[in-house]
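Architecture at a glance
Residues per chain, in single letters:
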2 protein chains.
Amino acid sequence: MVQISERGKAMPQSPIRKLVPYAEEAKRKGRKVYHLNIGQPDLPTPEIALDAIKNIDFKVIEYSHSAGFESYRKKLAEYYHKIGVTINYTDIIITTGGSEAISFAMKTCMDPGDEIIIPEPFYANYIGFATAASLKIVPVTAHIEDGFALPPIEDFEKHITPGVKAIIICNPNNPTGYLYSKDELEKLRNIVQKHNLYLFSDEVYREFCYDGLTHYSALQLKGIDDHVVLLDSVSKRYSECGVRIGALITRNKKIIDHAIRFAQARLSPPTLGQIVGEASIDTPKEYFVQVYNEYIERRNYLVEALNKIEGVFCPMPKGAFYAMVRLPVDDADRFAQWLLEDFEYENQTVMIAPASGFYATKGRGLNEARIAYVLKKQDLEKAMKCMEVALKQYPGK
Amino acid sequence: MVQISERGKAMPQSPIRKLVPYAEEAKRKGRKVYHLNIGQPDLPTPEIALDAIKNIDFKVIEYSHSAGFESYRKKLAEYYHKIGVTINYTDIIITTGGSEAISFAMKTCMDPGDEIIIPEPFYANYIGFATAASLKIVPVTAHIEDGFALPPIEDFEKHITPGVKAIIICNPNNPTGYLYSKDELEKLRNIVQKHNLYLFSDEVYREFCYDGLTHYSALQLKGIDDHVVLLDSVSKRYSECGVRIGALITRNKKIIDHAIRFAQARLSPPTLGQIVGEASIDTPKEYFVQVYNEYIERRNYLVEALNKIEGVFCPMPKGAFYAMVRLPVDDADRFAQWLLEDFEYENQTVMIAPASGFYATKGRGLNEARIAYVLKKQDLEKAMKCMEVALKQYPGK
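Model, not experiment: these values are computed from the prediction.

What to know about the sheet that holds strand E12 (residues 368-372) of chain A
Residue and element names in this part refer to chain A. The antiparallel open sheet is built from 3 strands, whose spatial order is E9-E12-E11. Each end of this open sheet is capped by a strand with a single partner; those strands are strand E9 (322-326) and strand E11 (353-354). Here E11 pairs with E12 via 2 bridges, running antiparallel. Of the residues in E12, the one forming a bridge with Pro354 is Ala369.

In structure tokens form, the structure reads like this:
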């Protein structure tokens, strides 16, 4: 018998994926399932982007340059310039989604066995990319009581050994919605500088910042140009997750020189997706105003509704479109499954993302879940009613 | 100073890439460069495929299932059925290009340090994927004198050690154009069975078989269902390289179960590319007749013209759209650079792919090059005239 690799066996299956069959079964039974578990926004892709793809007039869908179309990279450089990040287009490699940017950064900067520090809870797929690249994850825990602020510097330094080569952050954060302040980022800068680490900064939710707060990019930090790799994606910004277009951006020429070889091996990022991405840069401002207003309304409603339910605690997220919530349950994985398998309220139920998949430390986040506010408010209202009833009925407390 | 990883440093830069600046410089000087170096066909993408993308009518470009749209996988299963390969749609994972299928197969079946046998010369990017997955390449040499037939079984067995976990073949072959016979594939089957290896079969040029020969797929081999992983792509079949859509196909359920986790980590293959790929399956037969006639004419012309040049030897390729050629030169890398840097004939020159990048054994293929017949015949004629003149003038012999 041929054997699956140890690497393949170590690849995690997220707790959300395990719930999918239960959601499908619930739908087969005719039940309405409100999906609060996913990061697929329901908002429309900008028309300018859809038009660009409908109006293609070439006869052959060719490869692009391995680093992406030059015209797109130049336009992206202008976009970054406008948000206060000065880079050259040659500092950009267009990737197949933010996913590939994460993978390229890890493989270019880290060897099998190296360790990467991640504040937990974190984007669950970081585990997959780290495992695929044969890296070890070193979690530093952020706490729901602190609203998931950056853990104290001492907590980071406690974990820094010679094996640690990088820190990865997601800002604004998935799953917590936490937006790192300039002050927090400067603390990170100091750690990175002192211990000679890479800082991978995943900023795919950059445009989703609320309450008058502005986003501060890791590429705006002074003195660590060689250390910072920005990981980006158009997926959330323009609600075009399916185009699979992201970017790896760094002022460290050596990283570009070596990351491009991984890019050359896979030939080219998607041509059609790049056309959409490039056109999206000209999305009118009103689009973002609408998106902002929509998310603010949903967030405010959701957080208030959750905190009204007895025993529930949900800190106010300042960015992205997720909220982390502490639930009065024994085990959020079991609760999430129960919601789909055994519960219904007026033939409706909800699917939530249990937080266990967002923590690397075993046993953490067992009574937490991530709620994505990617549904319109009237659906959120129905979903919250379900949650309220469910938490009263749920036997495992 | 932060350090690039050993893995990043080990990523190869192909000899073709090194030539690109010289080609750009030649063009800046106003010189016409005939590109015989690339695998980007000049033939049109089927209209049915272009229309599918122009006619999209959704409002949000969403993620697909991580294994690809179910409708596309079901249609692909029918396509395979028609070519004599019986599989279920659940045996298919849609990948981001054939590239990602190679990468998923290697990572799911092999661990860092494992070895993979590849008949050389081989597709240069196999080195990149193997390096990215921390694998070692074990080349088994095929020879131009034999027309690049499968090396004798003894040559394979000489290299099989406990570290060897897989063999990868490309059929029809890039760069040689060699089409493996059923008999040769059955010999490979016996090796794979006897030594309990995986067989990764890259069949992206399946539709390009000439002289009445038919393609025999590794998935048609009996008795090694658990061993075979088919790697496929729509890039060449429908001249749509830029869509980045491929597939990993295996009847081994365990491989699917674990490869899907790598697929889930990167969320989804490109949505727009899948729309193009799915529509392409209905490409009318006449398209392939035209493509076949075009390539046959080009191939016949090219091989005859090359063999007419003094000191040149080019075996007749039976598939794909490449020919490997032995040249009367000291070093094909140097010759290729000289063509771009120092040579011109009526203000024209050619760019060829030196074969050194297709061999893992150092020093092999130094006087060989790959010629892609992806230009129309009248351009090939001009390119061959250049070659003839250049080989007379080239000082390094």
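Remarks on the interface of chain A and chain B
The partner chain B presents 77 residues to the 77 residues of chain A that form the contact. Regarding the contact of chain A and chain B, the summed buried area is about 6300 Å², with carbon and sulfur atoms giving 57% of it. On inspection of chain A and its partner chain B, the count reaches 40 residue pairs in polar contact (both at pLDDT 80 or more). The element that contributes the greatest number of residues to the side of chain A that touches chain B is helix H9 (residues 253-265) of chain A, accounting for 7 residues. Residues of the side of chain A that touches chain B, tallied by class, amount to 36 nonpolar, 24 polar and 17 charged.

What to know about the pattern of salt bridges
Residues and elements named next belong to chain A. Taken as a whole and judged by the stated rule, the model has 56 salt bridges over all chains. Lys158 is paired through a salt bridge with Asp155; the nearest N and O atoms lie 3.7 Å apart. Of the two residues, Lys158 and Asp155 are both situated in helix H7 (residues 153-159); the distance of 3 residues between them amounts to about one turn of the helix. The class of Lys158 is exposed, set by a relative accessible area of 62%.

Considerations on the relation of the copies chain A and chain B
The two copies are related by a screw motion: chain A maps onto chain B through a turn of 180 degrees and a shift of 0.0 Å along the axis, at an RMSD of 0.0 Å. With respect to symmetry, the two chain copies, as superposed, fit the operation of a two-fold axis. For chain A, the minimum C-alpha distance to the rotation axis belongs to A:Lys54 and amounts to 2.0 Å.

Structural notes on the state of the cysteines
All names here are of chain A. Tallied over the full model, the rule gives 0 disulfides over all chains. Here Cys170 is not disulfide-linked; the sulfur of Cys209 is the nearest cysteine sulfur, at 11 Å. For Cys170, a relative accessible area of 4% gives the class buried. With no disulfide partner, Cys241 has as its closest neighbouring cysteine sulfur the one in Cys170, 14 Å distant.

Quick look at the side chain of A:Asp202
Positionally, A:Asp202 belongs in strand E6 (residues 198-202). Of the side chains with opposite charge, A:Arg206 comes closest to the buried, unpaired A:Asp202, at an N-O distance of 8.1 Å.

Focus: the sheet that holds strand E3 (residues 115-120) of chain A
All names here are of chain A. If you walk across this open sheet you meet the 7 strands as E2-E8-E7-E6-E5-E3-E4, and the pairing is mixed. In this open sheet, the two strands that pair with only one neighbour each are strand E2 (92-95) and strand E4 (136-141). The mean inter-strand angle of the sheet, taken between neighbouring strand axes irrespective of direction, is 20 degrees. In terms of strand pairing, strand E7 (residues 228-233) meets strand E8 (residues 246-249) through 4 bridges, oriented antiparallel. The partner of Asp232 across the bridge, within E8, is Ala247. Where helix H8 (residues 182-195) meets the sheet, it contacts strand E5 (164-170) and E6, and its direction lies at approximately 170 degrees from that of E5.

Here we look at the environment of B:Arg299
All names here are of chain B. Mapped onto the elements, Arg299 comes out in helix H11 (residues 285-308). Sequence spacing of Arg299 and Lys59 is 240 residues, and the spatial spacing of their C-alpha atoms is 45 Å. When residues no more than four places from it in sequence are discounted, the contact partners of Arg299 are Tyr210, Asp211, Met316, Pro317, Lys318 and Tyr373.

Quick look at the packing of aromatic side chains
Residues and elements named next belong to chain A. With the rule as written, the count across this model stands at 40 aromatic pairs over all chains. A ring pair is formed by Phe104 and Phe262, whose centres lie 6.2 Å apart and whose planes are at 35 degrees; its orientation type is tilted. With Phe104 in helix H5 (residues 97-109) and Phe262 in helix H9, this pair connects stretches of sequence that are 158 residues apart. The buried category is assigned to Phe104, whose relative accessible area is 4%.

Details of empty space enclosed by the protein
What the rule picks out here adds up to 8 cavities of 30 Å³ or more. Of the voids in this model, the largest cavity is the one considered here, and its volume is about 520 Å³. Those elements giving two or more residues to the lining of the largest cavity turn out to be H5, helix H6 (125-132) and H9 of chain A together with helix H5 (97-109), helix H6 (125-132) and helix H9 (253-265) of chain B. Along the lines of polarity and charge, the residues of the lining of the largest cavity split into 14 nonpolar, 10 polar and 9 charged. Roughly 50 Å³ of internal volume is contained in the second largest cavity. Forming the walls of the second largest cavity are A:Pro119, A:Glu120, A:Pro121, A:Ala142, A:Phe148, A:Ala149, A:Leu150, A:Pro151, A:Asn173, A:Thr176 and A:Tyr180. Grouping the constituent residues of the lining of the second largest cavity by class yields 8 nonpolar, 2 polar and 1 charged.

Comments concerning the nonpolar core
Judged by nonpolar contacts, the single largest core of 304 residues is most densely connected at A:Phe200, A:Phe335, A:Ile352, A:Met387, B:Phe200, B:Phe335 and B:Ile352. Considering each element in turn, this core owes the most residues, 9 residues, to H11(B). Contacts of B:Phe335, omitting those with residues within four sequence positions, involve B:Leu327, B:Val329, B:Ile352, B:Met387, B:Ala390, B:Leu391 and B:Tyr394.

Structural notes on the packing of helix H4 (residues 70-82) of chain B against helix H10 (residues 271-280) of chain B
All names here are of chain B. Viewed as axis vectors pointing N to C, H4 and H10 meet at an angle of 30 degrees, and their least axial separation amounts to 10 Å. Classified by the angle their axes make, H4 and H10 are roughly parallel. As for how H4 packs across H10, the hand of that crossing is left-handed. Contact residues: Ser71, Tyr72 and Lys75 in H4; Gln274, Gly277 and Glu278 in H10. Residue classes in the contact of H4 with H10 are distributed as 1 nonpolar, 3 polar and 2 charged.

Basis of the calculations
Residues numbered from 1 in each chain as written. Chains lettered and ligands numbered in written order. Predicted model: local features only at pLDDT ≥ 70, side-chain atom pairs only at ≥ 80, totals over all residues. Heavy atoms only, no water. Pairing = 2+ DSSP bridges. Helix = DSSP H or I, 4+ residues; strand = E, 2+ residues; numbered from the N terminus. Contact = heavy atoms within 4.5 Å. Buried area = accessible area lost by both parts, 1.4 Å probe. Polar contact = N/O pair within 3.5 Å; in protein donor to acceptor, adjacent residues only side chain to side chain. Nonpolar A, V, L, I, M, F, W, Y, C, P; charged D, E, K, R; others polar. Salt bridge = Lys/Arg side-chain N within 4 Å of Asp/Glu carboxyl O. Buried < 20%, exposed > 50% of the residue type's maximum accessible area, 1.4 Å probe, protein only. Least-squares fit on C-alpha atoms with pLDDT ≥ 70 in both. Disulfide = S-S within 2.5 Å. Lys, Arg positive; Asp, Glu negative; His and termini not counted. Axes fitted to C-alpha atoms, helices over the stretch in contact; angles between N-to-C directions. Phe/Tyr/Trp six-rings, centres within 6.5 Å; stacked < 30°, edge-to-face > 60°. 1 Å grid on protein atoms, 1.4 Å probe; cavity = no way out; pocket = protein on both sides within 12 Å on 5 of 7 lines; lining within 4 Å. Points joined across faces, edges and corners; volume = space filled by probe spheres on them. Core = buried A, V, L, I, M, F, W, Y, C linked by side-chain atoms within 4.5 Å. Parallel < 35°, antiparallel > 145°, perpendicular 65-115°, else oblique. Left-handed = near helix turned anticlockwise from the far one by under 90°.

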